[in-house]
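Notes for the structure review
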Amino acid sequence: MAGHTENEIVIAAPLDLVWDITNDIENWPRLFSEYASVEILSRDGDTTTFRLTMHPDENGTVWSWVSERTADRDALTVRAHRVETGPFQYMDIRWEYAQLPEGVRMRWTQDFAMKPDAPVDDTWMTRNINRNSRVQMALIRDRIEQRARQAGAPAAMAD
């Protein structure tokens with residue numbers, strides 16, 4: 001069995017602002033509450049390889065991994081995968097953005113499978129990712145909408 005999640009949220013802010021903030025990897029520790037640090041390892045065009053390190057979990061364990069992420073601004077999509085998979089057999093991520101009259105819909109899709117010796121199974125991880133994605137997306141929405149209000153930006157820039 002494999003895991004699959006899809007989560008989305010609408011952010012009442014201009015598309016350029018949403019894209020720029022959510023794709024500014026160096027600032028993810030200030031955007032996401034779960035990341036303690038990020039280290040950019042390499043850049044090649046629109047592809048960035050980086051190490052993410054989380055804050056310690058409830059057991060004091062610090063999780064860290066390397067991902068590769070390719071942003072396609074014209075298609076309003078980002079594709080990523082874990083290079084260092086850790087407890088995952090694989091982890092593939094797709095972010096999609098869409099302009100709506102009320103703002104920008106940001107959708108995260110994750111496809112993955114846990115290794116047989118991982119401390120949790122696909123079902124547990126699916127629930128965990130869904131729960132955490134909703135928390136992080138709401139936090140990101142609130143932070144971007146606050147920035148948009150401070151900048152006096154209109155909520156949506158649909159044609």
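One can find the structure itself at the top, above this paragraph.
Residues numbered from 1 in each chain as written. Predicted model: local features only at pLDDT ≥ 70, side-chain atom pairs only at ≥ 80, totals over all residues. Heavy atoms only, no water.

The next subject is the overall build of the protein. The helix and strand inventory of the protein stands at three helices and seven strands. In summary, the protein has a C-alpha radius of gyration of 16 Å against a globular reference of 15 Å for 159 residues, a match within 12%. By its C-alpha atoms, the protein is 50 × 30 × 30 Å across when sized along the principal axes. If you sum the accessible surface of the protein, you get close to 8600 Å²; carbon and sulfur atoms cover 48% of it. Between the mean site of the 18 positive side-chain charges and the mean site of the 26 negative ones, the protein shows a separation of 4 Å. (Helix = DSSP H or I, 4+ residues; strand = E, 2+ residues; numbered from the N terminus. Rg over C-alpha atoms; globule rule 2.2 N^0.38 Å. Areas by Shrake-Rupley, 256 points an atom, 1.4 Å probe, with all protein chains shown as cover. Lys, Arg positive; Asp, Glu negative; His and termini not counted. Charge placed at Lys NZ, Arg CZ, Asp CG, Glu CD.)

Burial analysis of strand S7 (residues 103-114) places nine of its 12 residues in the buried class, the great majority of the element. Note that strand S1 (residues 3-11) and S7 share nine bridges and pair antiparallel. Each residue of the ladder has a partner; that of Gly3, found in S7, is Phe112. Here strand S6 (residues 88-100) runs beside S7; their pairing, made up of 12 bridges, is antiparallel. Bridging from a neighbouring strand, Asp92 pairs with Asp111 of S7. Counting the residues between successive antiparallel strands, the hairpin from S6 to S7 contains two residues. (Buried < 20%, exposed > 50% of the residue type's maximum accessible area, 1.4 Å probe, protein only. Pairing = 2+ DSSP bridges.)

So, on to the packing of helix H1 (residues 15-22) against helix H3 (residues 122-151). Where H1 meets H3, the closest approach of the two axes is 10 Å, and the angle between their N-to-C directions is 125°. As summarised for this structure, H1 and H3 are arranged oblique, according to the angle between their axes. H1 and H3 meet at a crossing whose hand is right-handed. Facing H1, whose interface residues are Leu17, Val18, Ile21 and Thr22, H3 presents Ile140, Ile144, Arg147 and Ala148. The residue inventory of the contact of H1 with H3, partitioned by class, reads six nonpolar, one polar and one charged. (Axes fitted to C-alpha atoms, helices over the stretch in contact; angles between N-to-C directions. Parallel < 35°, antiparallel > 145°, perpendicular 65-115°, else oblique. Left-handed = near helix turned anticlockwise from the far one by under 90°. Contact = heavy atoms within 4.5 Å. Nonpolar A, V, L, I, M, F, W, Y, C, P; charged D, E, K, R; others polar.)

Applying the stated criterion across every chain, the model contains seven salt bridges. A salt bridge links Asp16 to Arg73, with the nearest nitrogen and oxygen atoms 2.2 Å apart. You can see Asp16 sitting in helix H1 and its partner Arg73 sitting in the loop between strand S4 (64-72) and strand S5 (77-82), a full 57 residues away along the chain. Residue classification places Asp16 among the partly exposed residues on the basis of a relative accessible area of 47%. Judged by relative accessible area, Arg73 falls into the partly exposed class, the value being 32%. We note a salt bridge from Arg51 to Glu84, for which the minimum N-O separation is 2.8 Å. With Arg51 in strand S3 (residues 47-54) and Glu84 in the loop between S5 and S6, this pair connects stretches of sequence that are 33 residues apart. Residue classification places Glu84 among the partly exposed positions, given a relative accessible area of 34%. Through salt bridges with shared partners, one network takes in Glu8, Arg94, Glu96 and Arg107. (Salt bridge = Lys/Arg side-chain N within 4 Å of Asp/Glu carboxyl O.)

Fair warning: the whole summary comes from geometry, so function is off the table for now.
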